[in-house]
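# Architecture and fold: a report
What follows is the residue order along each chain.
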Amino acid sequence: MDYKFSLDPYGQKDMTFKFYGIEIDSLTDETWALNGINWWGWTVEEIQKIIDKSMSLVDNQNYEYQVEGSDLILYIKRERVCFYDMRSEQEEADLIWSFEQFIDFMEQFKAFVAENG
């Protein structure tokens, strides 16, 4: 996946606080829903909570997470993770990842937040 973590995902050089996320210029049409991950409130603890709850899922359990202040909702199951941008007009998931891909992404994101927090 070609995305770049950033403290200034929207290219607003005059921001007064850190805004953790992915540079929107690095997203494609297929990955556009990831722009909803951009949020100033991310902490290592919040990301770890998502990882822990996801890893504890068994069988057909699911975990739903909405990024605060965003239209991005994650539906996490052990077989896949669906990203829904609530502003999208389509009914299907805007992006679908394998569970492993999602956990890898969250671990990388957690490391980015830890380094820049």
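Report follows, based on the coordinates.

The rules we used
- Every chain's residues receive numbers from 1 upward, in the order its sequence appears when written.
- Where totals are concerned, whole chains, interfaces and linings use all residues; where local detail is concerned, this predicted model gives features only for residues with pLDDT of at least 70, and gives and counts side-chain atom pairs only at 80 or more.
- Remark: hydrogens and water are excluded; side-chain values derive from all non-hydrogen atoms of the structure.
- Buried means the residue's accessible area, taken with a 1.4 Å probe over protein chains only, is under 20% of the maximum for its type, while exposed means over 50%, and partly exposed covers the values in between.
- For the purposes of this entry, the term helix denotes a DSSP run of H or I that reaches at least four residues, the term strand denotes a run of E that reaches at least two, and both are numbered from the N terminus.
- At least two DSSP bridges between two strands are required for those strands to pair.
- Angles shown run from 0 to 180 degrees and are taken between the N-to-C directions of axes, each axis being a line fitted to C-alpha atoms and, for helices, limited to the stretch in contact.
- For classification purposes, an angle smaller than 35 degrees is called roughly parallel, one larger than 145 roughly antiparallel, one from 65 to 115 roughly perpendicular, and anything else oblique.
- A crossing counts as left-handed when the near helix is turned anticlockwise from the far one by less than a right angle, and as right-handed when that turn is clockwise.
- The criterion used for residue contact is that any of the two residues' heavy atoms lie within 4.5 Å.
- The nonpolar class holds Ala, Val, Leu, Ile, Met, Phe, Trp, Tyr, Cys and Pro. Asp, Glu, Lys and Arg form the charged class, and all remaining residues, Gly among them, are polar.
- Salt bridge, as used here: a side-chain nitrogen of Lys or Arg that lies within 4 Å of a carboxyl oxygen of Asp or Glu.
- We call a set of buried residues a nonpolar core when its members are Ala, Val, Leu, Ile, Met, Phe, Trp, Tyr or Cys and they connect through side-chain atoms within 4.5 Å of each other.

### Looking at the pairing of strand 5 (residues 81–85)
Along a regular strand, successive side chains alternate from one face of the sheet to the other. With four of five residues buried, strand 5 is to be regarded as a mostly interior element. As paired strands, strand 4 (residues 72–76) and strand 5 are joined by five bridges and run antiparallel to one another. Bridge pairing in strand 5 places Leu72 opposite Asp85. Taking the residues that link successive antiparallel strands as the turn, the strand 4-strand 5 hairpin has four residues. Looking at chain direction, strand 5 and strand 6 (residues 95–97) are connected through three bridges and run antiparallel. By the bridge assignment, Cys82 is partnered in strand 6 with Ile96.

### Considering the packing of helix 1 (residues 44–55) against helix 2 (residues 99–116)
Contact geometry of helix 1 with helix 2 gives a least axis separation of 9 Å together with a crossing angle of 160°. Of the possible angle classes, the one that applies to helix 1 and helix 2 is roughly antiparallel. The element helix 1 and its partner helix 2 pack so that their crossing is left-handed. Within the contact between the two elements, helix 1 uses Val44, Ile47, Gln48, Ile50, Ile51, Ser54 and Met55 and helix 2 uses Phe99, Phe102, Ile103, Met106, Glu107, Phe109, Lys110, Val113 and Ala114. Taken together, the residues of the contact of helix 1 with helix 2 break down into 12 nonpolar, two polar and two charged.

### As for the pattern of salt bridges
Inspection of the entire model under this criterion finds five salt bridges. Across the salt bridge formed by Glu23 and Lys4, the nearest N and O atoms sit 3.9 Å from each other. Of the two residues, Glu23 is situated in the loop between strand 2 (21–22) and helix 1 and Lys4 in the segment before strand 1 (5–6); the sequence distance between them amounts to 19 residues. For Lys4, a relative accessible area of 48% gives the class partly exposed.

### Focus on the nonpolar core
One recurring pattern in soluble globular proteins is that nonpolar side chains are buried together. Trp42, Ile76, Phe83, Phe102, Phe105 and Phe109 are the most contacted members of the largest nonpolar core, which totals 32 residues. Counting residues per element, the ones that place at least two in this core are helix 1, strand 3 (63–66), strand 4, strand 5, strand 6 and helix 2. For this core, the element with the highest residue contribution is helix 2, accounting for eight residues. If near-sequence neighbours (up to four positions away) are discounted, Phe105 is found in contact with Tyr3, Phe5, Ile22, Leu34, Ile37 and Trp97.

Geometry only, nothing functional implied.
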